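Chain by chain, the residues:
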Amino acid sequence: ANPVLGVITALGGLGAAAAGTKKEKQYILDEIDIQLKLVEKKQQLAESNNDMKSLEELMKIERKLKRERQRIMYRLKNYYPASVN
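Residues numbered from 1 in each chain as written. Predicted model: local features only at pLDDT ≥ 70, side-chain atom pairs only at ≥ 80, totals over all residues. Heavy atoms only, no water.

A. Broad picture of the overall build of the protein. The secondary structure content of the protein amounts to 3 helices and 0 strands. Its helices and strands taken in sequence order, the protein reads α-α-α from the N to the C terminus. Counting only residues that meet the buried cut, the protein has 24% of its 85 residues in that class. Contacts spanning at least 24 positions in sequence make up 72% of the contacts within the protein whose residues lie at least 6 apart. (Helix = DSSP H or I, 4+ residues; strand = E, 2+ residues; numbered from the N terminus. Buried < 20%, exposed > 50% of the residue type's maximum accessible area, 1.4 Å probe, protein only. Contact = heavy atoms within 4.5 Å.)

Okay, here's the thing in structure tokens:
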């Protein structure tokens, strides 16, 4: 198993936890966005090197990051609704 996936799950778990503050969740979302950008760059390198094994692993990491981001955003939306003016 890839150690990066374990870190992603841990970050996502922290971000989705009801006890976390909005600021903490936003920090985790920002970190996930940075990791997504890095994965995108690594995917480009893997494609240019015709490294399909690395590309496949990076695609799995990308999918996991996006799932964790969605989970956190869903929690933020439900626990911190926008005020109605």
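B. Representation of the nonpolar core in the model. Grouped together as the largest cluster of nonpolar side chains are 12 residues: Ile28, Leu29, Ile32, Leu36, Val39, Ala46, Leu55, Leu58, Ile61, Leu65, Ile72 and Leu76. The set of elements that each furnish at least two residues to this core consists of helix H2 (22-48) and helix H3 (52-79). (Core = buried A, V, L, I, M, F, W, Y, C linked by side-chain atoms within 4.5 Å.)

C. Spatial organisation of unusual backbone geometry. One non-glycine residue, Asn50, lies in the positive phi region at around 55 degrees. Here Asn50 shows up in the loop between H2 and H3. Residue classification places Asn50 among the exposed positions, given a relative accessible area of 58%.

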